[in-house]
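Spelled out, the chains give:
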Amino acid sequence: MKTLERIHGYAREAGLLFAYVGNVPGHPAENTICPGCGSILVRRSAYTVLDMAIKDGRCPRCSRAIPGLWT
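Throughout, a residue's number is its position along its own chain's written sequence, starting from 1. Selection of residues for local features in this predicted model requires a pLDDT of at least 70, selection of side-chain atom pairs for listing and counting requires 80 or more, and totals for whole chains, interfaces and linings are taken over all residues. With hydrogens and water stripped out, all remaining heavy atoms of the structure feed into the side-chain values.

Asks: Looking at this model, I keep getting lost on the side chain of arginine 44. Mind explaining?
Replies: Summarising the element assignment, arginine 44 is placed in strand S2 (residues 40-45). Three labels apply to residues, based on accessible area from a 1.4 Å probe with only protein chains included: buried if under 20% of the type maximum, exposed if over 50%, partly exposed otherwise in between. When charges are counted, Lys and Arg are positive and Asp and Glu negative, with His and the chain ends excluded. Salt bridges are identified by distance alone: a Lys or Arg side-chain nitrogen within 4 Å of an Asp or Glu carboxyl oxygen. With no salt bridge to any partner, buried arginine 44 finds its closest opposite charge in glutamate 30, at an N-O distance of 7.6 Å. For arginine 44, the side chain forms a polar contact with the main-chain oxygen of glutamate 30, separated by 3.4 Å. Here threonine 32 takes part through its side chain, which lies 2.8 Å from a polar atom of the side chain of arginine 44. Once you skip the residues sitting within four places of it in the chain, arginine 44 turns out to touch Tyr20, Glu30, Asn31, Thr32, Val49 and Leu50. Helix and strand assignments follow DSSP, with helices taken as H or I runs no shorter than four residues and strands as E runs no shorter than two, numbered in order from the N terminus. For the purposes of these results, a polar contact is taken to be a pair of N or O atoms within 3.5 Å, where, inside protein, one atom must be able to donate a hydrogen and its partner to accept one; residues adjacent in sequence count only when each atom of the pair is a side-chain atom. We call two residues in contact whenever any of their non-hydrogen atoms come within 4.5 Å of each other.

Right, dumping it as structure tokens:
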């Protein structure tokens, strides 16, 4: 697990805004967070997306554009 956390840290330091730790249920970094306001955009548990809050390609809280396909 420490390796995944270290790699997650490197990704964030390198400027990757949407890095997350996948397939580790309950890990604090398993969700996708809005880089603008810190809201959870995609809530995950292991291999399952539990909730996706992105609306019309934007964060519902701060309206920051979130790149991706959200249909």
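Don't stop here, the text continues.
Asks: Before we go on, may I ask you to explain the pattern of salt bridges in this structure?
Replies: Pairing of side chains with opposite charge becomes possible as their charged atoms draw close. Scanning the entire structure with this criterion turns up one salt bridge. The salt bridge partner of lysine 2 is glutamate 5, with a shortest N-O separation of 3.9 Å. Of this pair, lysine 2 and glutamate 5 both sit in helix H1 (residues 2-13), separated by three residues, roughly a single helical turn. A residue is classified by how much of its surface remains accessible, and lysine 2, at 64% relative accessible area, is exposed. The exposure class of glutamate 5 is partly exposed, given its relative accessible area of 30%.

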